[in-house]
Amino acid sequence: MENKLKDVSMVGRFAYVNMCVEKYLVTKYSDRDWSIIAQKLWAGTNEYWDDFTDSYAGLIPDVFVTYDDYDSDELKISQSEYELLKKTYEGITEGLEDDPSDEVNYMLNKPFEMAMVYEGTVIGDGKESFEIIEATEQVLAKNNIDLPDYTKVLFSSASEKNGWGNFFDSTPLSIILNK
């Protein structure tokens, strides 16, 4: 995928990672409500990544499972959203950090990793973004899930904002938010 996305901005690559994550979630766990995750995930295409990581980090299973009770300051979601997310994760993730055998946690960590690798830095060759993309694609392949259509992010050019790309409304790219 590196050659196909080499001219795509970091925001566009981030969107592609989100497309992979969503495809995995709705294919493997279609009976779960992923809307809270999708809303937070896609915010990363139209806000600075430090803001994204602040609002998303607490929802990643390896962090979320450490909360025995609702904590509005840390989780940045409502109590009802907390209860829904708790139910969504029940029985499908143990929150095993950096463990590919806990696929839900592994996949939900990838957008966060993408943001953290580049937050406040110069992009350079963007090698790390391609490694993250490859990791998400490998999980899809392992589960016989077709890759999302990468052409949907080609509009987001690496020539914009020193490779970062312009913010954009990514709602049309989300299969969860468009249900």
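This write-up is about the structure you can find in this document.

Some points on the overall build of the chain
Helix and strand content of the chain: nine helices and zero strands. If you list the helices and strands of the chain from N to C, you get α-α-α-α-α-α-α-α-α. Over its C-alpha trace the chain gives a radius of gyration of 15 Å, about what one expects of a compact globule, namely 16 Å for 179 residues. In terms of overall dimensions, the chain has a C-alpha envelope of 45 × 35 × 30 Å along the principal axes.

Some points on the nonpolar core
Of all hydrophobic cores here, the largest spans 52 residues; its most connected members are Tyr24, Trp34, Ile37, Leu108 and Val153. Elements supplying a minimum of two residues to this core: helix 2 (10-28), helix 3 (35-43), helix 4 (49-56), helix 7 (79-89), helix 8 (103-118) and helix 9 (127-142). Looking at which element gives the most residues to this core, the answer is helix 2, with 12 residues. With residues up to four places along the chain from it excluded, the contact list for Val153 reads Leu5, Val8, Gly12, Ala15, Tyr16, Met19 and Leu173.

Let's talk about unusual backbone geometry
A positive phi angle is found at Lys76, which is not glycine, with a value near 55°. Considering the arrangement of structural elements, one finds Lys76 in the loop between helix 6 (72-75) and helix 7. Look at Asn144: it is not a glycine, yet its phi comes out positive at around 55°. Structurally, Asn144 can be placed in the segment after helix 9.

Topic: helix 9
Counted at 1.5 Å a residue, the expected span for helix 9 with its 16 residues is 22 Å, and the 23 Å between its end C-alpha atoms agrees. All buried positions along helix 9 are accounted for by Ser129, Phe130, Ile132, Ile133, Ala135, Thr136, Glu137, Val139 and Leu140. Directly after helix 9, the chain includes Asn144, whose backbone phi takes a positive value near 55°.

Some thoughts on the packing of aromatic side chains
Under the criterion given, the structure shown has 11 aromatic pairs. Judged by centre distance (4.8 Å) and plane angle (80°), the ring pair of Phe155 and Phe168 falls under edge-to-face. With Phe155 in the segment after helix 9 and Phe168 in the segment after helix 9, this residue pair connects regions lying 13 residues apart in the sequence. Site record: aromatic cluster; members linked through ring pairs are Phe14, Trp49, Phe52, Tyr56 and Trp164. Above the ring of Tyr106, the side-chain terminus of Lys110 is found at 4.1 Å from the ring centroid. The ring of Phe167 carries the charged tip of Lys161 above its face, separated from the ring centre by 5.1 Å.

Some details on the environment of Phe112
Of note, Phe112 is situated in helix 8. In this structure the C-alpha to C-alpha distance between Phe112 and Ser55, which are 57 residues apart in sequence, comes to 10 Å. With residues near it in sequence (within four places) discarded, Phe112 still touches Phe52, Thr53, Tyr56, Ala57 and Ile60.

With respect to the packing of helix 3 against helix 7
Two numbers describe how helix 3 lies on helix 7: the axes approach to 9 Å, and their chain directions differ by 105°. With respect to helix 7, the element helix 3 is oriented roughly perpendicular. For the pair helix 3 and helix 7, the contacting residues are Ile36, Ile37 and Gln39 in the first and Glu81, Leu84, Leu85 and Tyr89 in the second. Taken together, the residues of the contact of helix 3 with helix 7 sort by class into five nonpolar, one polar and one charged.

Focus: the side chain of Glu137
Looking at the element boundaries, Glu137 is found in helix 9. Buried and unpaired, Glu137 has no salt bridge, with Lys4 as the nearest side chain of opposite charge at 7.8 Å. Among the polar contacts listed, one links the side chain of Glu137 to the side chain of Tyr16, at a separation of 2.7 Å.

Criteria and cut-off values
- Residues numbered from 1 in each chain as written.
- Predicted model: local features only at pLDDT ≥ 70, side-chain atom pairs only at ≥ 80, totals over all residues.
- Heavy atoms only, no water.
- Helix = DSSP H or I, 4+ residues; strand = E, 2+ residues; numbered from the N terminus.
- Rg over C-alpha atoms; globule rule 2.2 N^0.38 Å.
- Core = buried A, V, L, I, M, F, W, Y, C linked by side-chain atoms within 4.5 Å.
- Buried < 20%, exposed > 50% of the residue type's maximum accessible area, 1.4 Å probe, protein only.
- Contact = heavy atoms within 4.5 Å.
- Expected span 1.5 Å × (residues − 1).
- Phe/Tyr/Trp six-rings, centres within 6.5 Å; stacked < 30°, edge-to-face > 60°.
- Lys NZ or Arg CZ within 6 Å of the ring centre and 35° of its normal.
- Axes fitted to C-alpha atoms, helices over the stretch in contact; angles between N-to-C directions.
- Parallel < 35°, antiparallel > 145°, perpendicular 65-115°, else oblique.
- Nonpolar A, V, L, I, M, F, W, Y, C, P; charged D, E, K, R; others polar.
- Lys, Arg positive; Asp, Glu negative; His and termini not counted.
- Salt bridge = Lys/Arg side-chain N within 4 Å of Asp/Glu carboxyl O.
- Polar contact = N/O pair within 3.5 Å; in protein donor to acceptor, adjacent residues only side chain to side chain.

None of this, on its own, says anything about what the molecule does.
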